[in-house]
Amino acid sequence: LAIILGGIFIYEKSISKTKSEIATEFYDAVSTKNSDKLQQLLYSYDDDLKINKSNANVLIDYLNNNPAEFSKINDNFRNGYYTSLNYPVKIEEVSKTIFFIPNYKVVVNPTFINIKCDFKNYKITVLDQTYDNLNKSSQIGPLMPGNYSIVTELSNSYLNKSEVLDVNTFDENYIDINIFEDLKTINI
């Protein structure tokens, strides 16, 4: 029994990674644009934020298009500052194994977009997901921190209009946007 438990302990210890190993793997995954590897490193406390290849690509694209931000995060990770409050990504213990060995992941803070619109019957498309039945003040999320091209569509018996908005959700958890601000209504 002692040999079996010792073997399990040694196995768990050998597969568990330190914070610095997670930081190195994070850097490698983003640098090589390896979304499969990155999604295995990511974790969110919000169960509604799905950690998948599409969301991993959002983070990879943002960090590769903003090398100064990526460098700052990696410098903090290398210097032992794994949980800086200013960044939407940090390295934290998310669970423990049977023998209380910590399991570390890159924890992602989800972001949300608050939409304001003075019209009814509009639709918003973010990545591959379309949101409709939205009211004058709605919220979309949780989303992976990064840049999004949001397609908005307004269609009624009088007009068909669409806009594309670029939104950066990396710096703030809650972003407010107003859509179709240039349209006015006249009541007769």
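Because the structure is a prediction, the values reported are computed rather than measured. (Residues numbered from 1 in each chain as written. Predicted model: local features only at pLDDT ≥ 70, side-chain atom pairs only at ≥ 80, totals over all residues. Heavy atoms only, no water.)

Draft legend 1. Here's a closer look at helix H2 (residues 19-31). Taking 1.5 Å per residue as the helical rise, H2 with its 13 residues ought to reach 18 Å, and the 18 Å between its terminal C-alpha atoms agrees with that figure. The complete set of buried residues in H2 reads Ile22, Ala23, Glu25, Phe26, Ala29 and Val30. Projected down its long axis, H2 shows its buried positions confined to an angular sector of 165°, all on one face. On its buried face, H2 sits against helix H3 (35-41), helix H4 (53-65), helix H5 (67-78), strand S2 (89-96) and strand S3 (102-108). Downstream of H2 by a residue or two, Lys33 has a phi angle that is positive, lying close to 55°. (Helix = DSSP H or I, 4+ residues; strand = E, 2+ residues; numbered from the N terminus. Expected span 1.5 Å × (residues − 1). Buried < 20%, exposed > 50% of the residue type's maximum accessible area, 1.4 Å probe, protein only. Arc of directions from axis to C-beta. Contact = heavy atoms within 4.5 Å.)

Draft legend 2. Spatial organisation of the pairing of S3. For S3, the buried fraction is high: 5 of the 7 residues fall into the buried class. Across 2 bridges, strand S1 (residues 42-43) lies against S3 in parallel orientation. By the bridge assignment, Leu42 is partnered in S3 with Val106. (Pairing = 2+ DSSP bridges.)

Draft legend 3. Examining the environment of Ser44 more closely. Relative to the helices and strands, Ser44 resides in the loop between S1 and H4. Here Ser44 falls in the buried class, since its relative accessible area comes to 7%. Taking the C-alpha atoms as reference, Ser44 lies 9.7 Å from Val89; in sequence the two are 45 residues apart. For Ser44, the side chain forms a polar contact with the main-chain nitrogen of Asp46, separated by 3.2 Å. (Polar contact = N/O pair within 3.5 Å; in protein donor to acceptor, adjacent residues only side chain to side chain.)

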